[in-house]
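Architecture at a glance
So you can see what is in the structure, the chains are spelled out below.
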Amino acid sequence: MRRGLFVTFEGSEGCGKSTQIRHLVAWLQQQGHTCLTTREPGGTAAGDQIRHLLQHAPQGHGLVPEAELLLFAASRAQLVREVILPALDANHVVISDRFHDSTTVYQGVARRLPPDRVADINHFAVGGCLPNITFLLDMDAETALARLSKRNGPADRMESEPVAFYQAVRNGYLHAAATEPQRFCILDATRTEDDLALAIQQTLSQKFHGFFTR
Ligand code: TMP
């Protein structure tokens, strides 16, 4: 039986998801919770291979958007059944760096695949395992790209897109959040790191009071 809490983080590259996930894990652990963090694509042996193929392997360079969609879905299907559901059953907090909303937005909006097909495939891949809450770290595309360019190392295949692509990603996320306001919490990702961390903690404590006080 699912007794844990499933939290996802979404947003464009460079929005600060991994930093906030680190803060959140530290806060949850201080309170005695067992946390499991996962990232998408990846998080299982098969998923990590898929991540490599999508982001770095030369064989991934000719992938058509349809194949990309199915690979993201395959990685997620494995992650849900192998890792996420058992952890939720064990009362853990699962924190995922991206989940199905990334597919809705990147494949269904920015790559312009038919949104209803993307929704069907998403649904099939997750099999009803949906986040309790999704933090959207929202930031305009130019700022996100400027932040990315300051990171060390060369951009991977998924990061080398024109600014219009990231604008579509941002709009896609805002649209997704507007259609499910009860699940999404939109945060301005240009706020300071500490300020954002506190906002995330407060939101969780208020929204899942029962989970945090039991
Ligand atoms: P990240 O590790 O920086 O979050 O990068 C993952 C990349 O993969 C990012 O460009 C978004 C992309 N992506 C999709 O296009 N669809 C998906 O379903 C997921 C999970 C990620």
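Residues numbered from 1 in each chain as written. Predicted model: local features only at pLDDT ≥ 70, side-chain atom pairs only at ≥ 80, totals over all residues. Heavy atoms only, no water.

**Regarding the overall build of the chain**
- Looking only at helices and strands, one finds nine helices and five strands in the chain.
- Listing every helix and strand of the chain by position from the N terminus yields β-α-β-α-α-β-α-α-β-α-α-β-α-α.
- Relative to its length of 214 residues, the chain is compact, with a C-alpha radius of gyration of 17 Å against a globular reference of 17 Å.
- Dimensions of the chain along its principal axes, counting C-alpha atoms only, are 50 × 35 × 35 Å.
- By the burial criterion, 50% of the 214 residues in the chain qualify as buried. (Helix = DSSP H or I, 4+ residues; strand = E, 2+ residues; numbered from the N terminus. Rg over C-alpha atoms; globule rule 2.2 N^0.38 Å. Buried < 20%, exposed > 50% of the residue type's maximum accessible area, 1.4 Å probe, protein only.)

**Regarding the pairing of strand β1 (residues 5-10)**
- Counting buried positions over the six residues of β1 gives six, a clear majority of the element.
- Along β1, one buried face is formed by Leu-5, Val-7 and Phe-9 and the opposite face, lined by Phe-6, Thr-8 and Glu-10, is buried too.
- Relative to strand β3 (residues 93-97), β1 is paired through five bridges, and the arrangement is parallel. Bridging across to β3, Phe-9 finds its partner in Asp-97.
- Bridge analysis of β1 against strand β4 (residues 133-138) gives four bridges, and the strand direction is parallel. (Pairing = 2+ DSSP bridges.)

**Brief notes about the site of the ligand**
- Neighbouring residues of the ligand: 13 residues in total, closest Glu-13, Arg-51, Arg-98, Thr-103 and Gln-107.
- At 3.1 Å, a side-chain N or O of Arg-76 approaches an oxygen atom of the ligand.
- The contact in question runs from an oxygen atom of the ligand to an N or O atom on the side chain of Thr-103, over 2.5 Å.
- When isolated, the ligand has an accessible area of 480 Å², and the protein chains bury 94% of it.
- Considering every element that reaches the shell around the ligand, the biggest residue donor is helix α4 (residues 100-110), with four residues.
- Of the residues belonging to the shell around the ligand, the class tally is three nonpolar, four polar and six charged. (Near = heavy atom within 4 Å. Polar contact = N/O pair within 3.5 Å; in protein donor to acceptor, adjacent residues only side chain to side chain. Areas by Shrake-Rupley, 256 points an atom, 1.4 Å probe, with all protein chains shown as cover. Nonpolar A, V, L, I, M, F, W, Y, C, P; charged D, E, K, R; others polar.)

Such coordinate-based values are descriptive only and should not be taken to indicate function.
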